[in-house]
Amino acid sequence: GNVIAYGATSGAIYLRGVVGERLCVRNSGATVVAEGTGDHALEYMTGGTVVILGPTGRNVGAGMSGGYAYVLDLDPRLVNGELVDVTGVPLDEAARLRSIVAAHGAHTDSAVARRLLADWDAALERFSAIVPRDFRHVLEVTARAEATGEDVDAAVMAAARA
């Protein structure tokens, strides 16, 4: 289908197979897994988590300002890098990603998920994280404020003004 999870605010969607264009545009809270997508995936996404277990079209992450996105075997040339960076999956996010892939497999009987989970360490190396720069900055400021006992809201607001 085309335009799946547009504006989603919560819940989970597990899609066995490749979907059309505009996966999770304006997603603000749902967890979504698909085995591939067309153009414009994650456009204007502000929250939630998306896992793409296959190829993407062009313009991935355009206008993305928040949330977590992981793509298997990502071609970085297809990412709109205006607001996001492409990194490896941070170690503190690896268990959560594995859990989402396992849930996808359990809900859909996905052969893709089964193959990935059979050798998770090798599979994890094939994933990329698409990370909105401002979102990463807010997470870093929040973690520092919590570690030092600062007021988190005040710290985030001060960082936004800087």
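Refer to the preceding data block for the structure.
Residues numbered from 1 in each chain as written. Predicted model: local features only at pLDDT ≥ 70, side-chain atom pairs only at ≥ 80, totals over all residues. Heavy atoms only, no water.

Okay, the side chain of threonine 56 next. Note that threonine 56 resides in the loop between β3 (47-52) and β4 (68-72). Beyond its immediate chain neighbours, meaning those up to four positions away, threonine 56 contacts Thr37, Gly38, Val71, Leu74 and Leu78. (Helix = DSSP H or I, 4+ residues; strand = E, 2+ residues; numbered from the N terminus. Contact = heavy atoms within 4.5 Å.)

Our next topic: the pattern of salt bridges. Summed over all chains, the structure comprises 7 salt bridges. Notably, a salt bridge pairs arginine 114 with aspartate 109, separated by 2.8 Å at the nearest N-O pair. Residue classification places arginine 114 among the partly exposed residues on the basis of a relative accessible area of 47%. Using a relative accessible area of 51% as the deciding quantity, one classes aspartate 109 as exposed. (Salt bridge = Lys/Arg side-chain N within 4 Å of Asp/Glu carboxyl O. Buried < 20%, exposed > 50% of the residue type's maximum accessible area, 1.4 Å probe, protein only.)

Among the structural elements, threonine 142 can be located in helix α4 (residues 133-148). Among the residues examined, threonine 142 registers a relative accessible area of 19% and is labelled buried. Placed 13 residues apart in sequence, threonine 142 and alanine 155 show a C-alpha to C-alpha distance of 7.2 Å. Those residues within four positions of threonine 142 in sequence are excluded, and the remaining contacts are Val152 and Val156.

This part is about the packing of aromatic side chains. Following the criterion strictly, the structure yields 2 aromatic pairs and no others. Ring geometry for tyrosine 68 and phenylalanine 135: centres 5.3 Å apart, planes at 80°, overall edge-to-face. Linking tyrosine 68 in strand β4 with phenylalanine 135 in helix α4, this pair joins segments that are 67 residues apart in sequence. Between the aromatic rings of tryptophan 120 and phenylalanine 127, the centroid separation amounts to 5.9 Å while the plane-to-plane angle is 45°, which identifies the pairing as tilted. Phenylalanine 127 carries the same exposure label as tryptophan 120, and that label is buried. We note arginine 96 situated over the ring of tyrosine 68; from NZ or CZ to the ring centre the distance is 5.4 Å. (Phe/Tyr/Trp six-rings, centres within 6.5 Å; stacked < 30°, edge-to-face > 60°. Lys NZ or Arg CZ within 6 Å of the ring centre and 35° of its normal.)

Here we take up the nonpolar core. Among the nonpolar cores identified, the biggest contains 22 residues, and Leu23, Cys24, Val32, Leu42, Val50, Met64 and Ile130 are the most heavily contacted of them. Element by element, the count of residues in this core is highest for strand β2 (residues 28-34), at 3 residues. Discounting chain neighbours no more than four positions away, the residues touching valine 50 are Leu23, Cys24, Asn27, Val32, Leu42, Met45, Tyr68, Ala69 and Tyr70. Val33, Tyr70, Val101 and Ala123 belong to the second-largest nonpolar core, a separate cluster that totals 19 residues. (Core = buried A, V, L, I, M, F, W, Y, C linked by side-chain atoms within 4.5 Å.)

For the rest of this paragraph, the subject is the sheet that holds β2. Spatially, 6 strands are ordered β1-β2-β3-β4-β6-β5 in an open sheet, and the strand pairing comes out mixed. Edge strands, defined here as strands with exactly one partner in the open sheet, are β1 (12-15) and β5 (84-88). Averaged over all pairs of adjacent strands, the angle between their axes in this sheet comes to 15°, without regard to strand direction. The pairing of β5 with strand β6 (residues 127-132) spans 5 bridges and is antiparallel. Across the sheet, residue aspartate 85 finds its bridge partner in β6, namely valine 131. Packed onto the sheet, helix α1 (residues 91-108) meets β1, β2, β3, β4 and β6 and runs at close to 65° relative to β1. (Pairing = 2+ DSSP bridges. Axes fitted to C-alpha atoms, helices over the stretch in contact; angles between N-to-C directions.)

Here we come to unusual backbone geometry. Non-glycine residue histidine 40 carries a positive phi angle of around 70°. Residue placement: histidine 40 occurs in the loop between β2 and β3. Classification of histidine 40 as buried rests on a relative accessible area of 9%. Although it is not a glycine, tyrosine 44 sits at a positive phi angle of roughly 55°. You can call tyrosine 44 partly exposed: its relative accessible area is 40%.

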